[in-house]
Amino acid sequence: QQQVKQSPQSLIVQKGGISIINCAYENTAFDYFPWYQQFPGKGPALLIAIRPDVSEKKEGRFTISFNKSAKQFSLHIMDSQPGDSATYFCAAEEGFQKLVFGTGTRLLVSP
Amino acid sequence: GAVVSQHPSWVICKSGTSVKIECRSLDFQATTMFWYRQFPKQSLMLMATSNEGSKATYEQGVEKDKFLINHASLTLSTLTVTSAHPEDSSFYICSARTGGYSPLHFGNGTRLTVT
């Protein structure tokens, strides 16, 4: 019940395209859903986060869509750029106690 | 703000020796820090929660006698891998929050290689 399922495992998108990564969870007590971006050899960096009382949050080219009834949330990267090539992790947390990570998506944006 | 610094960024040690990794919150105080382990092309797995002034809380399956955690101050937590073996080779990452209900910020990790 503490798992967060993430898909796809890898993704190739052309420059300028939209990258979409999906996550699903079971624990309805989760109340915080961040996305992290990780480059090789570096720690994860917080990209954007959402609380379940909001269905969508946008920051620049990054948008989180949240579907509470389906227990799913997704990350959309608009106008994807080669510099966005990285591994993306969704995560979920209950009461800011313990972050549970998804399995990760390796994104490659081709020039 | 919210910078978490780890040292060293990489370390190579011989089997049987111990290695200490430091995690510092540079511009904030962190009563709680978290230690994660990441194998190549895999997700982050929480190893333990480090609490300032008290014993760490270890996740199931993590050997507390092998991975010693000390959180001696509000800005420093250390992870010591004792009697390291090649299977301990991994990427270790620490993280911390600026406050009770705030995002988790991560250090840049420490690549440990045990020969």
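Located above this text is the structure these notes cover.
Residues numbered from 1 in each chain as written. Chains lettered and ligands numbered in written order. Predicted model: local features only at pLDDT ≥ 70, side-chain atom pairs only at ≥ 80, totals over all residues. Heavy atoms only, no water.

**Focus on the nonpolar core**
- One finds Val4(A), Phe33(A), Trp35(A), Phe73(A), Leu75(A) and Tyr88(A) to be the most contacted residues of the largest nonpolar core, which totals 25 residues.
- Put simply, the parts of the chain that give this core at least two residues each are β2 (10-14), β3 (19-25), β4 (33-38), β5 (45-50), β7 (62-67), β8 (72-77), β9 (86-92) and β11 (105-110) of chain A.
- The element that contributes the greatest number of residues to this core is β9(A), accounting for four residues.
- If sequence neighbours within four positions are ignored, Leu75(A) has contacts with Ser19(A), Ile20(A), Ile21(A), Trp35(A), Leu47(A), Ile48(A), Phe62(A), Thr63(A) and Tyr88(A).
- In terms of nonpolar packing, the next biggest core, distinct from the first, is built from 24 residues, Phe67(B), Val81(B), Tyr92(B) and Cys94(B) among them. (Core = buried A, V, L, I, M, F, W, Y, C linked by side-chain atoms within 4.5 Å. Buried < 20%, exposed > 50% of the residue type's maximum accessible area, 1.4 Å probe, protein only. Helix = DSSP H or I, 4+ residues; strand = E, 2+ residues; numbered from the N terminus. Contact = heavy atoms within 4.5 Å.)

**Focus on the side chain of Thr82(B)**
- Inspection of the secondary structure assignment puts Thr82(B) in the loop between β8 (76-81) and β9 (90-97).
- Leave out the neighbours within four places in its chain, and Thr82(B) touches Thr17(B), Ser18(B), Asp65(B), Lys66(B) and Leu68(B).

**A look at the interface of chain B and chain A**
- Every contact between the two is made by 20 residues of chain B and, on the other side, 19 residues of chain A.
- Across the interface of chain B and chain A, roughly 1500 Å² is buried in total on both sides, 57% from carbon and sulfur atoms.
- On the surface where chain B and chain A come into contact, there are two salt bridges.
- Here Arg97(B) ties to Glu93(A) by a salt bridge, and the two come within 2.1 Å at their closest N and O atoms.
- The interface formed by chain B and chain A holds six residue pairs in polar contact (both at pLDDT 80 or more) in total. (Buried area = accessible area lost by both parts, 1.4 Å probe. Salt bridge = Lys/Arg side-chain N within 4 Å of Asp/Glu carboxyl O. Polar contact = N/O pair within 3.5 Å; in protein donor to acceptor, adjacent residues only side chain to side chain.)

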